[in-house]
Amino acid sequence: MTGAVKRPRLEDVAAAVGVSTASVSLVLRGVAGPSAETRERVLEAAARLGYRADRSASLLARRRTHVLGVPVLLRDAFRTELAEEVQLAADARGYTVALSGITRTHDEQRVVDTLLDLRCEAVLLLAPGLSPAQLAVLGERVPTVVIGRRLPPDGFDVVRVADADGIGQAVDHLVGLGHRAIVHVDGGRAEMARERREGFTAAMSRHGLEPRIVPGGDSEGAGARSARVLLDAGLPTAVVAANDRSALGLLDVFVRAGVRVPGDVSVVGYDDAELSRLAHVRLTTVSQDAPEQARIAVDAVLERLDGDRTDVVERVLRPRLVVRGTTGAVQA
């Protein structure tokens, strides 16, 4: 008769790393003390061994704070807007949100650790850059929701939009306006880039068109550099940028070069960030419905904190193309 599989213990993680159980406990609880190298080794060993903390015991062991932690990249307009929507959704449910900025000197892991030091009961991560293993370990420490990144839920919940569908809507719109020479300025190494790039390729192929992709990024500067590449190589009739910040960089360079938008080239962004709605920008873009993503994410966290849900869930929303002033029919 085969015996039950032995569940990995705290001592097993400590033995694998060669540190004390106290150090392992500090790392897994997000308490300051162990070095960055020790933290990394402990998290890697915990993920490799499949260590799972007893979350119900840890919740009982600490007093409730009703505070949710949200790391936020302040220079990203959409993520800042999404953080605000999370706070509004939490306020409506009687919870407080602690925001902490990701900067050049405070990376995402350090910010998460700081929020847990402040006794946040859960964390909501906005398009996080942490590895799946790190996210899985974090999800065993506290209820965790990943917002805006395509990942299989593994100890954490996922709320996102179908990015490939959103890019497909943008391509369909441009083809309907008569465009055939359409370029995608991708998101570089950003987490959202791969699915949006794949969505562009699939949509172009569906219309029998040759996909052309220019390397980009997730900033205005990256979009500006891509615009200069397009000016040197010969402009297409339309560009689909992987995000609004990149699209704004494209628009700036095009306007300075005397390129008419949408007369000479149409431009589509992605995110529907607040800047895209300004009267002098009026960017055609894909909306991710930040308020709805935030509401669903907060509900998912509270189902764990205040309810009895223990399974992981993934909610995928359909994005929506918002047509404004930067797209038009191909000029004869």
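Above this note sits the structure.
Presented here is an overview of the structure given in this document. The structure displayed is predicted, hence computed values, not measured ones.

Where burial is concerned, most of strand 5 (residues 157-161) is hidden: five out of the five residues are buried. Residues of strand 5 alternate between two faces, with Asp-157, Val-159 and Val-161 on one and Val-158 and Arg-160 on the opposite face, all of them buried. When strand 4 (residues 144-147) meets strand 5, the two strands line up parallel, connected through three bridges. Bridged to Val-145 within strand 5 is Asp-157.

What follows is about the packing of aromatic side chains. Evaluation of the coordinates by the stated rule reveals zero aromatic pairs. Sitting over the ring of Tyr-270, Arg-196 keeps its end group 3.8 Å from the ring centre.

Moving on, we get to the sheet that holds strand 9 (residues 266-268). The strand order 7-6-8-9 describes an open sheet built from four strands, whose pairing is parallel. Each edge of the sheet is formed by a strand with only one pairing partner; in this case those strands are strand 7 (212-214) and strand 9. Ignoring which end each strand starts from, the neighbouring axes of this sheet average 25° apart. Bridge analysis of strand 6 (residues 182-185) against strand 8 (residues 238-241) gives four bridges, and the strand direction is parallel. Looking at strand 8, one finds that Val-185 is bridged to Ala-241. With respect to the sheet, helix 9 (residues 193-206) is in contact with strand 6 and strand 7, its orientation differing from that of strand 6 by roughly 170°.

Below, the discussion takes up the environment of Leu-43. The residue Leu-43 is located in helix 3 (residues 36-49) in this model. The class for Leu-43 is buried, based on a relative accessible area of 8%. Setting aside residues no more than four positions away along its own chain, Leu-43 makes contact with Val-27, Leu-28, Gln-109 and Val-137.

With the rule as written, the count across this model stands at three cavities of 30 Å³ or more. Looking at the second largest cavity, its volume works out to about 40 Å³. Ala-77, Glu-220, Asp-244, Arg-245, Leu-248, Ala-273, Leu-275 and Ser-276 together form the lining of the second largest cavity. With three residues, helix 11 (residues 244-256) is the single largest residue contributor to the lining of the second largest cavity. The class makeup of the residues in the lining of the second largest cavity is four nonpolar, one polar and three charged.

Moving on, we get to the layout of surface pockets. Space inside the largest pocket adds up to approximately 690 Å³. Lining the largest pocket we find 34 residues, and of these Leu-73, Asp-76, Arg-79, Ala-190 and Asp-218 sit closest to its centre. Secondary-structure elements contributing two or more residues to the lining of the largest pocket are helix 5 (77-92) and helix 11. Looking at the lining of the largest pocket, the element that brings in the most residues is helix 5, giving four residues. Along the lines of polarity and charge, the residues of the lining of the largest pocket split into 12 nonpolar, 10 polar and 12 charged.

Take helix 11 next. The periodicity of an α-helix, 3.6 residues per turn, causes residues three or four places apart in sequence to face the same way. Taking 1.5 Å as the rise per residue, helix 11 with 13 residues should run 18 Å; its terminal C-alpha atoms sit 18 Å apart, in good agreement. The element helix 11 is largely enclosed, with a buried count of 10 among its 13 residues. Among all positions in helix 11, only Asp-244, Arg-245, Ser-246, Ala-247, Leu-248, Gly-249, Leu-250, Leu-251, Val-253 and Phe-254 are buried. Tucked inside the fold, the buried residues of helix 11 contact helix 5, strand 6, helix 10 (220-233), strand 8, strand 9 and strand 10 (285-287). N-cap assignment for helix 11: the residue whose side-chain oxygen lies 3.4 Å from the backbone N of Arg-245 is Asn-243. Directly beyond the C-terminal end of helix 11, a positive phi value near 80° is found at Gly-258.

Let us now look at the packing of helix 8 (residues 163-176) against helix 9. Axis separation between helix 8 and helix 9 bottoms out at 8 Å; the angle between their running directions is 40°. The orientation of helix 8 relative to helix 9 falls into the category oblique. The two elements helix 8 and helix 9 cross, and the hand of that crossing is right-handed. On helix 9, the residues touching Asp-163, Ala-164, Ile-167, Gly-168, Val-171 and Asp-172 of helix 8 are Glu-195, Arg-196, Gly-199, Phe-200, Ala-203, Met-204 and Arg-206.

About the thresholds
Residues numbered from 1 in each chain as written. Predicted model: local features only at pLDDT ≥ 70, side-chain atom pairs only at ≥ 80, totals over all residues. Heavy atoms only, no water. Buried < 20%, exposed > 50% of the residue type's maximum accessible area, 1.4 Å probe, protein only. Helix = DSSP H or I, 4+ residues; strand = E, 2+ residues; numbered from the N terminus. Pairing = 2+ DSSP bridges. Phe/Tyr/Trp six-rings, centres within 6.5 Å; stacked < 30°, edge-to-face > 60°. Lys NZ or Arg CZ within 6 Å of the ring centre and 35° of its normal. Axes fitted to C-alpha atoms, helices over the stretch in contact; angles between N-to-C directions. Contact = heavy atoms within 4.5 Å. 1 Å grid on protein atoms, 1.4 Å probe; cavity = no way out; pocket = protein on both sides within 12 Å on 5 of 7 lines; lining within 4 Å. Points joined across faces, edges and corners; volume = space filled by probe spheres on them. Nonpolar A, V, L, I, M, F, W, Y, C, P; charged D, E, K, R; others polar. Expected span 1.5 Å × (residues − 1). Polar contact = N/O pair within 3.5 Å; in protein donor to acceptor, adjacent residues only side chain to side chain. Parallel < 35°, antiparallel > 145°, perpendicular 65-115°, else oblique. Left-handed = near helix turned anticlockwise from the far one by under 90°.

So yeah, pure geometry; function would need other evidence.
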